[in-house]
Amino acid sequence: MSDDFILDTDDLQRRMEGAIANLRTEFASLRTGRASASMLEPVMVDAYGSLTPINQVGTVNVPEPRMVTINVWDKSLVGKVEKAIRESGLGINPQLNGTIIMLPIPELNEERRRELTKVAGTYAENARVSIRNVRRDGMDQIKKAKADGMSEDDQKFWETEVQDLTDTFIKRVDDQLETKQAEIMQV
C-alpha cells in the first residue's frame, strides 16, 4: 500500500497557478500612469438596485495612453458611474461628455510611485504566502503517507518534488514583482 502513494502534483501546481493568476489581477488594478481598462475592474456602480461592475453598465475603452473612456449605455446611470469613480479611491477625476465619461490619467509623482511599489510588494508577498500554504498542504500529505508506511527514500523524493515546484512559482512571483516595480518607476 505504501508503495502506491502518488502525490497529486497537478493539483498543487493548479493551486499555485491560481495564486499567480490572482497576483496578475491585483497588479493590473495598480495604476502605473498608463491607462488600462483593468484599473476600473474593482469599481462597482449602484445600478438597478445592486452593485454592478463598471464594465456591465458601459463600454470601457483606452483610446490613448493616458485616457480611459466609458460609454455608458443607460443615460440615467451616467451620474452614478461618475460618482462611483470619484469615490473609488483611484485618484482620477472623471469628465462628462454626454453619455461618455472620460478619465484622464495624470502623471504619477515620485512619492506616489514609491507607494505603489510597496503595494505591489505586498501583493507579491500575499502570493508567496498562498504558494507556501499549498506547499504545506503537499508536505502534510507526504507526512501522512510516511506515517502510513512510506519509505524514507519516497518521502525525500516527494518532498523534493514539492519544494522544486514551490521554488519555481516563488521565482515567477519575484520576476513579476520586479517587472511591475520597473513599470511603476518608469517615468
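Computed from a prediction, not measured in an experiment: that's the story for all the values here.

Thresholds applied
- Residues numbered from 1 in each chain as written.
- Predicted model: local features only at pLDDT ≥ 70, side-chain atom pairs only at ≥ 80, totals over all residues.
- Heavy atoms only, no water.
- Helix = DSSP H or I, 4+ residues; strand = E, 2+ residues; numbered from the N terminus.
- Rg over C-alpha atoms; globule rule 2.2 N^0.38 Å.
- Buried < 20%, exposed > 50% of the residue type's maximum accessible area, 1.4 Å probe, protein only.
- Contact = heavy atoms within 4.5 Å.
- Areas by Shrake-Rupley, 256 points an atom, 1.4 Å probe, with all protein chains shown as cover.
- Lys, Arg positive; Asp, Glu negative; His and termini not counted.
- Charge placed at Lys NZ, Arg CZ, Asp CG, Glu CD.
- Core = buried A, V, L, I, M, F, W, Y, C linked by side-chain atoms within 4.5 Å.
- Phe/Tyr/Trp six-rings, centres within 6.5 Å; stacked < 30°, edge-to-face > 60°.
- Domains from an automatic or database assignment.
- Axes fitted to C-alpha atoms, helices over the stretch in contact; angles between N-to-C directions.
- Parallel < 35°, antiparallel > 145°, perpendicular 65-115°, else oblique.
- Nonpolar A, V, L, I, M, F, W, Y, C, P; charged D, E, K, R; others polar.
- Pairing = 2+ DSSP bridges.

With respect to the overall build of the protein chain
Of the regular secondary structure elements, the protein chain holds four helices and six strands. Its C-alpha atoms give the protein chain a radius of gyration of 23 Å, clearly above 16 Å, the size a compact globule of 187 residues would have. A total of 187 residues make up the protein chain; the buried ones form 36% of that total. When contacts within the protein chain are restricted to residue pairs at least 6 apart in sequence, long-range pairs at least 24 apart make up 66% of them. With the model as given, the accessible surface of the protein chain reaches about 10700 Å², and the carbon-plus-sulfur share is 48%. Charge centroids of the protein chain, computed over 25 positive and 32 negative side chains, lie 7 Å from each other.

Points about the nonpolar core
Phe27, Ile131, Ile142 and Val173 are the most contacted members of the largest nonpolar core, which totals 27 residues. Elements represented by at least two residues in this core include exactly α1 (9-29), α3 (110-147) and α4 (152-185). Counting residues per element, this core draws most heavily on α3, which supplies nine residues.

Description of the packing of aromatic side chains
Tallied over the full model, the rule gives one aromatic pair. Judged by centre distance (5.1 Å) and plane angle (75°), the rings of Phe157 and Trp158 are edge-to-face. Classification of Phe157 by relative accessible area gives partly exposed; the value is 44%.

Concerning the domain arrangement of the protein chain
In terms of domains, the protein chain is made up of domain 1 (9-30 + 109-186) and domain 2 (37-104). Once you take the C-alpha centre of each, domain 1 and domain 2 turn out to be 33 Å apart.

A closer look at the packing of α1 against α3
At a minimum axis separation of 9 Å, α1 and α3 run at an interaxial angle of 170°. Between α1 and α3, the angle falls in the class roughly antiparallel. Contacts from Leu12, Arg15, Met16, Ala19, Ile20, Leu23, Glu26 and Phe27 of α1 reach α3 at Ala120, Tyr123, Ala124, Ala127, Ser130, Ile131, Val134, Arg135, Asp137 and Gly138. Looking at the contact of α1 with α3 residue by residue, the class counts come to 12 nonpolar, two polar and four charged.

Points about the pairing of strand β1 (residues 44-47)
Residues Val45 and Ala47 of β1 are buried on one face, while the alternating residues Met44 and Asp46, pointing to the opposite face, are not. With four bridges connecting them, β1 and strand β2 (residues 50-53) associate as antiparallel partners. Its bridge partner being in β2, Met44 is matched across the sheet by Pro53. Counting the residues between successive antiparallel strands, the hairpin from β1 to β2 contains two residues, one of them, Tyr48, with a positive phi of roughly 55°.

A few points about the packing of α1 against α4
For the pair α1 and α4, the least separation of the axes is 11 Å and the interaxial angle reads 10°. With respect to each other, α1 and α4 are oriented roughly parallel. In this structure, α1 uses Thr9, Leu12, Gln13, Met16, Glu17, Ile20, Leu23, Arg24 and Phe27 to contact α4, whose residues at the interface are Trp158, Val162, Leu165, Thr166, Phe169, Arg172, Val173, Gln176, Leu177 and Lys180. Residue composition of the contact of α1 with α4, grouped by class: 11 nonpolar, four polar and four charged.

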